[in-house]
Every structure is written in C-alpha cells, then in structure tokens.
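Observations on the model geometry
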Amino acid sequence: MKLLVQDISRAKKAPLLVVFALEGKAPQTPDGLELPASFTKGFDGKARSTRETFTEDKAWPHVLMVGLGDGDKLDSEGLRRAAAVAIRAAKAKSVSGVGYYVAPEVAELAGGEEATGRDLAEGAYLGVHAFAGVRKDNKAPALKQLTLWASGAAFKRGATKGKLLADACNFTRNLQDASGNNMRPRDLAAQAKKLATRSQQVRCRVFDEKAMQAFGMGLFLSVSQGSEEPAKLIHLTYKPKKKAKGVITFVGKGLTFDAGGVSIKPSGKMEEMRYDMSGGAAVVGLFHALGDMDVPYEVHGIVGASENTINGKATKPGDVHVGMNGTSVEIQNTDAEGRLVLADCLTYAQKKTKPDTLFDLATLTGAVIVALGHELSGIYPSNDDLRDKLLEAGERTGEYCWPLPLMDVHKEAMKGGQIADLKNIGPGSLGAGSTQGAAFLSYFIDEGQEWCHLDIAGTAWNAGPRDWSGGALGPGVGTRLLIEYLERR
Ligand code: BES
Ligand code: MN
Ligand code: ZN
C-alpha cells in the first residue's frame, strides 16, 4: 500500500473517503462534499464507531465516518486505533484506494500536525498488516493506495515517520509469527543478514557454535547442545554518518523454540513457544527502522538464537557450565534457558561494544504475566532517568512499561550451592519470578554499566485487541518503543 500525503485543498477524489468525527460534532468534509443529514444524524462519534454511506458524488462515491471519541481525551493510541479501524474496513470492502481527510481541528486536538500524521500513518500501516503464513488462500490485497489529506509540512514529516515505524514493526511481527520450523536460528540469522543489505550504515555478522566456543560461551552453548539445530550469535551494527554521540547496545533473546529441554514443558500451548524469539525479533526489527533514519548513535543489536529442545546430549538438571565472564552456573532447571543465553550475550555485548547504555529484551518468565498481564512490559532500569525515558516512550508508542523491583535479597537468592557460583533458578518460596530472572542477569553486568532488562513475556503475544493488533499473533513489541527511546535521548 503506497502512501501519498497531500495538502487538504487538493483533496479531489478517492474510491473510499474516510472522515473523522469528534464526539458530539459533525465531521468536516472536503470542499464541495455535503453529507446528507440522514447520514450524520444520530452518529455519536464515540471512539472506533463507524458508519458508511454511498453517494451520487463522482469524486466521493463511498464515505466512511470514524468516531474519535472525546477530543480532550484523544491520545496517540486512540488515533492509531481509529486509523486501523478505517484501514481494516477499507480492506474488507476490497476498495483499491482510501483517502483520510484530516481536518485542522482534529490535528490540533490530537497533539499537532506532526504527531497526528505519524499516528494515523502508523495505525493505518500497522492495521493493514496481515501475517501471510503458509496458506493456499493467500491473495494479493486489493488496497493499493492510502492518501492522507491534511495541511502543513509537519504533517507529511510525521506521516512518513509513522509509515517507517509501522514497516519496522511489521517486519518484527513477521519474524515473530513464523512457525518454529520456518524460523530456526539460521533463518533468523539469514533475515538479519538480508536486512543489512538495505542500508550502507547497517552491517551484520553471524557467529557459529565454533566461534561461540572460542568466545567461551559455555552457558549459551549449554542450551543449544540439546538441539540438532546449530545456534547462531547475530551481531548487527548501525553507524551514523557523522561521529557517533555514544554507543547503545540491544541484546535479544532469540529462542526460536523453547520446549524446556529435559525440564520439559507440558504440551498444552507449547506451540506458543515459537514466540520465544520475540526479544530477538524486536532487536532485528530496530535495524529495519535505523537503516531508514538518521540516529546519531552507534547502535548494536546482539541476538542469541537457539532452540531449547531435547536429545541425548541435552543439558541435565544439576549440570554445571561456565560462561564467557568466567561465572559458573548449576543448571537446576533447563527451562530457565533464556537467562543462560542472555548471560553470555550480555558479556559479549559489554566486551565487544563497550556501550554507554545496554538493554536486553526477553520473553523471560511466565511470572511477569502474573504480575503485569499482557498490556505492560516489566522493566528493570538501573537508574531513574532511564526509567522515565522508557515510561515516556511507552506512553507515546502504546507499548506500555512498568518498573519492577530488583533487590539484594533477590540477587543473593541466585548464588550457587556447593558446586557452582550461581544457580539458574532461585527458591520458589521467594516468589517474584520475573525479578529472579533479572537478578540472575545482574551477575553478568559490569559495575557501573547503565542497563535495563525488559521482560516482554506478557506483551510479546496474546495481548488484548487494539484494532491494529491483539490476540494470538505478535504485535512486534519493542521495536517502536526503543526507536522512540533513541529519539528521546
Ligand atoms: N520462555 C519461557 C518464559 C515464558 C513462559 C514466556 C510463558 C511466555 C509465556 C522461559 O524460558 C521459561 O520457561 N521460564 C520459566 C522459568 C522458570 C523455570 C524459573 C518460567 O517462567 O516458568
Ligand atoms: Mn524456558
Ligand atoms: Zn524461554
């Protein structure tokens, strides 16, 4: 679907015209178009409500009204949702093109021209996305063109940005949604490599198990040794054109399938564990956006891609392995594998990229779903400034975050018994399962390193409906959030 942004005075025609109505007000329309009173009468403009009509007007034969709700409460997620409602309706009606008419009053209430352009385009492109899957009945969508009619250069800038962000997020979603046999560690690595060819400023290296052995990544390899599929360490780099203002590194958990290993998971819903690479997908997706932007930082993306399955060589509960930073771990539960993969990726990230700020994104624990549900990611920022920036970025993108505690008592609980420095699980009696995961990771973070762990196990799939997303498929969480963070920095 192509994007065209035009000045409001040039609004001439479209197979389907979308007009937005604020609660209690009739929608504004392009010059020369009178909507019949019978059409607008009684339409309350409540958020996400719609009404359509066919007219005798050659330029505007088909009109869809979409409610925005109370103008004073209109936020960016509300706009994204309205745009998504409209685009899904257009898609369902199989029209070839759709035009949104955005009255200046709407743009003003919605946070200005730039923000409105961004949110509408973002919502439309997120909303039009559909995962293709592997199906016989796939056909090319009829909808080829989206036109946004509004005023001002700022609107156009915003709309271009919104499309860029949605494209990156949709890229992440496609990685997430692919089945485990179609998105093996090697496939994720291939996608990252291919992505790097889109931009001169993005580069990608992929390390195999032999290289990982040489790095001393015994914890990571303890996970992949139980699988026939070789693990991959993916390292993406973005370099700005000018001298970088600093280095920011993102690490992602890329478990392309997590069966639990010898501590095997129950079979109910085990198929959902193809989503256990969602942190890695979000990190790769970041570089989709970075390639099209002008971010002044050097950015690294490091993804530990592996399966956690089971064979005769698989790690057994009680086995001890040593990580790249020399720390030994007794693996008491092979299903707490993400933290082992991340431990070595975090060590690698600090040694090789020397970041000013370090992030990791992981579908790490079921416990974070108990704590925060599916609408908020749990975050563990090492300082208040980082926390505030992430909370703001979450509000702006609708990828909401909430800080969770990490105390000395939790760190103590991860110390090993008689046979190793650490254990990979803490005592059940301590509770706070998500915090225990973060506490384990903290042993692989250098003193003074600015760091934030994001537990996205709840938000990576199964979230509530938001018109452009929701349900079993992935919303691409993390990519838009962290681009927003980079821009706020
Ligand atoms: N990938 C899972 C976490 C998960 C569970 C994500 C459910 C999404 C939905 C992770 O590897 C895992 O198995 N964690 C264990 C940790 C436990 C053994 C300490 C968990 O959460 O049960
Ligand atoms: Mn697991
Ligand atoms: Zn896992």
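Residues numbered from 1 in each chain as written. Chains lettered and ligands numbered in written order. Predicted model: local features only at pLDDT ≥ 70, side-chain atom pairs only at ≥ 80, totals over all residues. Heavy atoms only, no water.

Some details on unusual backbone geometry
Even without being glycine, Ala432 reaches a positive phi, approximately 50°. With respect to the secondary-structure elements, Ala432 resides in the loop between β16 (422-423) and α14 (433-442). Relative accessible area serves as the criterion here: at 37%, Ala432 is assigned to the partly exposed category. Unusually for a residue other than glycine, Asn462 sits at a positive phi of about 65°. You can see Asn462 is positioned in the loop between β17 (450-455) and α15 (479-488). (Helix = DSSP H or I, 4+ residues; strand = E, 2+ residues; numbered from the N terminus. Buried < 20%, exposed > 50% of the residue type's maximum accessible area, 1.4 Å probe, protein only.)

Comments concerning the sheet that holds strand β1 (residues 2-7)
Taking strand neighbours across the sheet as the criterion, the six strands line up as β1-β6-β5-β2-β4-β3 in an open arrangement whose pairing is mixed. Two strands bound the open sheet, and with one partner strand each, they are β1 and β3 (50-54). Neighbouring strand axes in the sheet, compared pairwise and without regard to direction, differ in orientation by 20° on average. Relative to strand β6 (residues 145-150), strand β5 (residues 97-101) runs parallel, the two sharing five bridges. What sits directly across from Val98, in β6, is Leu146. (Pairing = 2+ DSSP bridges. Axes fitted to C-alpha atoms, helices over the stretch in contact; angles between N-to-C directions.)

Things to note about the packing of helix α5 (residues 153-177) against helix α9 (residues 278-290)
It is the contact of α5 with α9, at a shortest axis distance of 8 Å, that shows an interaxial angle of 150°. As α5 runs across α9, the sense of the crossing is right-handed. For the pair α5 and α9, the contacting residues are Leu164, Asp167, Ala168, Phe171, Thr172, Leu175 and Gln176 in the first and Ser278, Ala281, Ala282, Val284, Gly285, His288 and Ala289 in the second. Counted by class, the contact of α5 with α9 contains eight nonpolar, five polar and one charged residues. (Left-handed = near helix turned anticlockwise from the far one by under 90°. Contact = heavy atoms within 4.5 Å. Nonpolar A, V, L, I, M, F, W, Y, C, P; charged D, E, K, R; others polar.)

Remarks on the packing of aromatic side chains
The relation between two aromatic rings is expressed through the spacing of the ring centres and the mutual angle of the planes. Under the criterion given, the structure shown has nine aromatic pairs. Relative to Trp461, the ring of Tyr275 lies with its centre 5.1 Å away and its plane at 15°, an arrangement referred to as stacked. With Tyr275 in the loop between β9 (247-258) and α9 and Trp461 in the loop between β17 and α15, this pair connects stretches of sequence that are 186 residues apart. A residue is classified by how much of its surface remains accessible, and Trp461, at 6% relative accessible area, is buried. Connected via pairs of aromatic rings, a cluster forms that spans Phe207, Phe215 and Tyr348. Against the face of Tyr125 rests Lys163, its NZ or CZ located 5.1 Å from the ring centre. (Phe/Tyr/Trp six-rings, centres within 6.5 Å; stacked < 30°, edge-to-face > 60°. Lys NZ or Arg CZ within 6 Å of the ring centre and 35° of its normal.)

Observations regarding the domain arrangement of the protein chain
We note that the domain assignment places domain 1 (2-130 + 140-151) and domain 2 (170-488) within the protein chain. Averaged C-alpha coordinates put domain 1 and domain 2 at centres separated by 38 Å. Carbon and sulfur atoms supply 38% of the area buried between domain 1 and domain 2, which totals about 1,400 Å² over both sides. Counting every contact that joins domain 1 to domain 2 gives six salt bridges. Linking Asp119 and Arg396 is a salt bridge whose minimum nitrogen-to-oxygen distance equals 2.9 Å. Applying the counting criterion to the domain 1 and domain 2 interface returns 14 residue pairs in polar contact (both at pLDDT 80 or more). For the side of domain 1 that touches domain 2, the secondary structure elements donating two or more residues are α2 (76-92) and α4 (113-128). When residues in the side of domain 1 that touches domain 2 are grouped by element, the largest group, eight residues, is from α4. Of the residues belonging to the side of domain 1 that touches domain 2, the class tally is five nonpolar, four polar and eight charged. (Domains from an automatic or database assignment. Buried area = accessible area lost by both parts, 1.4 Å probe. Salt bridge = Lys/Arg side-chain N within 4 Å of Asp/Glu carboxyl O. Polar contact = N/O pair within 3.5 Å; in protein donor to acceptor, adjacent residues only side chain to side chain.)

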